[in-house]
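# What the coordinates show
The primary structure of each chain is shown beneath.
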Amino acid sequence: MKHFSIAIHGGAGTLVKGMMTSELETKYKAALKMALDNGYSVLSQGGTAVDAVEIAVQILENSPLFNAGKGSVFTATESHEMDASIMDGKTLNAGAVSLISGIKNPVSLARDVMEKSEHVFLAGEGAMQFAKQLHYTLEDASYFYDEFRHQQWLEIKDSDNFQLDHSVKKDSKFGTVGAVACDQDGNIAAATSTGGMTNKKWGRVGDSPMIGAGNYANNKTCAVSCTGSGEFFIRAVVAYDVACLMEHKDLSLQEAANEVVHKRLLNIKGDGGLIAVDTQGNIAMPFNTEGMYRACKTSEGKEEVSIYK
Ligand code: ASP
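All figures in this text were calculated on a predicted structure; none of them were measured in a lab.

### Side note on the confidence of the model for the protein
Per-residue confidence for the protein averages 92 on the pLDDT scale, and 94% of its residues sit at or above 70. For the protein, helix α6 (residues 147-156) is the element with the lowest average pLDDT, namely 81, and strand β7 (residues 215-217) is the one with the highest, namely 99. Low pLDDT (under 50) marks residues 167-173, which in the prediction has 31 contacts with non-local residues, meaning those over four places away or in another chain.

See below:
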């Protein structure tokens with residue numbers, strides 16, 4: 001049997017350890033483990049990497065603990081605008097949506113864009129029209145409402161600031177979610193989903209739905225899902241850069257991921273992290289922030305669910 005593995009994240013950022021109660025920590029770890037186990041079970045039953053990353057991300061989107069789907073952050077106009085993407089490393093097919101609202105599982109709409117449209121990226125009205133065509137039911141705003149996220153927004157709503165939902169010192173919530181997987185056939189995939197950054201405005205789009213920036217998969221090299229201040233991840237084309245370093249500089253997955261997160265991103269003051277997998281099932285999960293909600297599981301019996309360094 002070939003090696004297979006999955007890694008997931010629930011956001012990276014500045015989190016003061018003392019602010020996290022052990023009860024909350026247990027909740028986060030349980031949510032991560034549930035997503036991890038469901039994704040892993042797809043792989044252990046011979047399912048595809050694409051199916052595994054979609055299901056893992058759906059579960060994280062359904063949890064109000066994370067800034068994706070239910071529990072998404074508030075924009076400057078007190079609404080929710082979500083972004084998501086998915087990529088299949090075997091075919092290089094990809095799908096992405098941005099500036100959508102009311103959709104319970106943005107990752108699945110991204111997958112539908114990949115599989116049921118001629119396009120890669122649909123945004124705003126057009127993406128919503130596409131969802132309507134596919135008979136998606138829309139949740140109303142109360143489904144996405146989270147008291148904590150609302151408080152975060154109230155605190156900065158009258159400023160021009162926008163921020164990672166998890167980079168406020170007193171915050172105990174991390175954000176964006178993602179998954180990468182390598183299946184039994186050695187195919188890899190990546191998916192990422194987010195509510196973006198608190199108080200974002202004017203149709204701001206982050207790195208999460210951008211293929212190559214926040215999400216990328218290619219069987220030649222690796223599958224990557226990112227989290228952090230999107231503006232920096234876009235400028236550094238982070239996910240694709242990891243793949244490039246492997247392809248053109250012959251770096252290992254771990255070396256390439258470390259180079260991007262600990263050197264190239266830091267050089268432009270970019271904060272965040274990523275999860276990555278290669279076609280051998282190796283996993284890397286570097287971050288340059290205080291913590292990153294993360295978990296991984298491999299067919300060799302390795303399992304990890306962690307928050308801090
Ligand atoms: N990367 C996301 C964005 O900029 C935010 C996050 O990772 O929490 O939209």
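### Concerning unusual backbone geometry
Within the chain, L92 stands out as a residue other than glycine whose phi angle is a positive 65 degrees. For L92, a relative accessible area of 42% gives the class partly exposed. In this structure, K269 is a non-glycine residue whose phi angle is positive, near 65 degrees. Take K269: it is sitting in the loop between α9 (253-267) and β9 (272-278).

### Describing the environment of F4
Within the element layout of this structure, F4 appears in the segment before β1 (5-13). A residue is classified by how much of its surface remains accessible, and F4, at 3% relative accessible area, is buried. For the pair F4 and C182, spaced 178 residues apart in sequence, the C-alpha to C-alpha distance is 5.2 Å. Residues within four places of F4 in sequence aside, it is in contact with Y40, L43, S44, C182, D183, Q184, K297, T298 and S299.

### Some remarks on the sheet that holds strand β12 (residues 303-308)
One open sheet holds the eight strands; their spatial order is β4-β3-β2-β6-β5-β1-β11-β12, and the pairing between them is mixed. Every interior strand has two partners, whereas the edge strands, β4 (121-123) and β12, have only one. Pairwise comparison of adjacent strand axes, ignoring direction, gives a mean angle of 5 degrees for this sheet. The sheet contact formed by strand β2 (residues 82-88) and strand β6 (residues 188-194) spans six bridges and is antiparallel. Residue M87 lies in a different strand from β6, and its bridge partner there is A190.

### Things to note about the nonpolar core
Core analysis: the largest hydrophobic core is formed by 50 residues, its most contacted members being I6, I8, F66, I86, V97 and I100. The next biggest cluster of nonpolar side chains, apart from the first, holds 38 residues, and it includes A12, C226, A236 and L245.

Reading the values: the criteria
- Residues numbered from 1 in each chain as written.
- Predicted model: local features only at pLDDT ≥ 70, side-chain atom pairs only at ≥ 80, totals over all residues.
- Heavy atoms only, no water.
- pLDDT = per-residue confidence, 0-100.
- Helix = DSSP H or I, 4+ residues; strand = E, 2+ residues; numbered from the N terminus.
- Contact = heavy atoms within 4.5 Å.
- Buried < 20%, exposed > 50% of the residue type's maximum accessible area, 1.4 Å probe, protein only.
- Pairing = 2+ DSSP bridges.
- Axes fitted to C-alpha atoms, helices over the stretch in contact; angles between N-to-C directions.
- Core = buried A, V, L, I, M, F, W, Y, C linked by side-chain atoms within 4.5 Å.

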